[in-house]
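The chain contents come next:
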Amino acid sequence: MSPTAATSTPEQVQETAARWFARLRGDAVAASTRAEFAAWLAADPAHAEEYSLLEQLWDNAARLQTRPRKSGRALATAALAAAALFLGWFNLAPPTDTLLSTVAGERRHVQLDDGSELDLAPQTQVSVRFGKGQRQLELAQGSIAISVAADAQRPFEVLAGSSRIRDIGTRFTVDRRANEVRVGVAEGMVEVSPGDAQQTRQILRAGEALTIVDGEIRPVLAVDRNNLLAWTKGQLIFEEAPLSEVVAALNRFRKTPIVLGDPQAGRQRISGVLLIADEATAPLALARIAGLRFETQDGRLLARRAETH
C-alpha cells in the first residue's frame, strides 16, 4: 500500500512510518513509491524522527540476533521480542509485494492468494500487496479486470496514479494510460476517489463507467457489461465503431501492429466480434467486414482498401 501523507497526531505519524518501513522492504519497490516516501519524509521533521526510531529498533534487533552464542539465549529471545514488537505494535504483517506484468501481445490470468481473479491486458504492470488489514493493487500502466473474492475483514482497492478505486461489489475493470484512468463495473459497485480530495467520491454501479482525466472525474456513462470483460475471453466487441478505433484497440493486443495505409478508410464504421487469441484471425475478419487487404511491411501489417492498387 502507499501510506498516506496526511498525518497529524503522533499516533498517525507512528502508523504511517511503520507502514512505510514495511513497504520499503518489499522485493520490488517502484521508483514512484520511493519518490512518494521521500516527499512524506521531507514534509515534517516528525516523520523523519519517527522513521529513524523504527530503523534503530530494527537494527538493534538484527545485532542481537547476530551476537555470539555465548551471549546467551536471553539475547536471542530479546531480538525476537523486538521484531514481534515492531510488527505487532502497528498490526502489520511483513511486506508481501508481488509485481505482475505482461509484454506486447500477452494476456495473463492470475488467481490471487485470497481467491480473487485478476486478468492483465498486454503491456500492463501491477503491484499486488495483501496485508493483515487490506488488499491492494497498484496499477502502474495498462488494463486489468478483477473478480473480487469476499473478505469482510480486508477491503479491496486499486490505486491508479492519484485515483483510488474501492471495491464494493465483485467485478470491475481499470485502465490506466498517460493522464487518464478509466473504470468500468460489470457486477456490483465500486467507489472511485479522484486525486483531488475536494471532489466528491463517485459510486459506480454495474453497467456504468467513468474516466478520470488529470485527477478530474468526467460524467458517468452507460456501458455494455459483457463488452467490458470481452477481452479477458479473447474477444473485442464493436458496434458501429470507426475502423481507426477498432485498429487502435486491436493493436493493444497484438505483437505485429496494424497500420491503415489509407486514412480515409479509418472513418468507416464497423460492427462485429474480433478474436484476439490468434493474431491471424482479426485481419481475416477485417478483410471480410471492412473490405481490406493486408501486406507485411517493416514489421507491421499494412492495411489498404481492397479496391486500391
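What counts, and at which threshold
- Residues numbered from 1 in each chain as written.
- Predicted model: local features only at pLDDT ≥ 70, side-chain atom pairs only at ≥ 80, totals over all residues.
- Heavy atoms only, no water.
- Core = buried A, V, L, I, M, F, W, Y, C linked by side-chain atoms within 4.5 Å.
- Buried < 20%, exposed > 50% of the residue type's maximum accessible area, 1.4 Å probe, protein only.
- Helix = DSSP H or I, 4+ residues; strand = E, 2+ residues; numbered from the N terminus.
- Contact = heavy atoms within 4.5 Å.
- Pairing = 2+ DSSP bridges.
- Axes fitted to C-alpha atoms, helices over the stretch in contact; angles between N-to-C directions.
- Phe/Tyr/Trp six-rings, centres within 6.5 Å; stacked < 30°, edge-to-face > 60°.
- Arc of directions from axis to C-beta.

A few words on the nonpolar core. Formed by 28 residues in total, the largest nonpolar core has its most connected members in L137 and V158. At four residues, the largest contribution of residues to this core is made by strand β5 (residues 135-147). Among residues more than four places away in sequence, those in contact with V158 are L137, L139, I144, I146, S163, R164, I165, F172 and V174. Judged by nonpolar contacts, the second largest core, of 26 residues, contains A186, L243, A285 and L292.

What follows is about the sheet that holds strand β18 (residues 292-297). Strand order across the open sheet formed by three strands is β16-β19-β18, with mixed pairing between neighbours. This sheet does not close on itself; its edge strands, each paired only once, are β16 (258-260) and β18. Each adjacent strand pair in this sheet contributes to an overall mean axis angle of 30°, direction not counted. Across six bridges, β18 lies against strand β19 (residues 300-305) in antiparallel orientation. Residue pairing in the sheet places E295 in a bridge with L302 of β19. Strands β16 and β18 of the sheet are contacted by helix α6 (residues 243-251), whose axis makes an angle of about 160° with β16. Against the sheet, helix α7 (residues 281-289) engages β16, β18 and β19, with an angle of about 145° to β18.

Inspection of the entire model under this criterion finds three aromatic pairs. For the ring pair F130 and F156, a centre distance of 6.3 Å and an interplane angle of 75° mean the geometry is edge-to-face. Here the residue F130 occupies a position in strand β4 (residues 125-130), and F156 occupies one in strand β6 (residues 156-160), the gap between them amounting to 26 residues. Of the two residues, F130 and F156, both sit in the buried class. Here the aromatic rings of W231 and F253 are separated by 6.1 Å at their centres, their planes lie at 40°, and the arrangement is tilted. Of the two residues, W231 is situated in the loop between α5 (225-229) and β15 (235-242) and F253 in the loop between α6 and β16; the sequence distance between them amounts to 22 residues. Looking at F253, the relative accessible area reads 6%, which means it is buried.

The set of residues buried in α6 consists of L243, V246, V247 and L250. Here the buried residues of α6 occupy an arc of 95° about the axis, which is enough to place them on one side. Turning to α6, the residues buried within the fold contact β15, β16, β17 (269-275), α7 and β18.

In this structure, E240 is a non-glycine residue whose phi angle is positive, near 50°. Turning to its location among the elements, E240 is positioned in strand β15. Positive phi is not limited to glycine here, since D298 has a value of about 55°. Following the sequence through the fold, D298 ends up in the loop between β18 and β19.

Next up on the list: the environment of R304. With respect to the element layout, R304 can be found in strand β19. Judged by relative accessible area, which is 27%, R304 ranks as partly exposed. Placed 44 residues apart in sequence, R304 and L260 show a C-alpha to C-alpha distance of 6.3 Å. When neighbours within four sequence positions are excluded, R304 is seen to be in contact with G261, G291, L292, R293 and E295.

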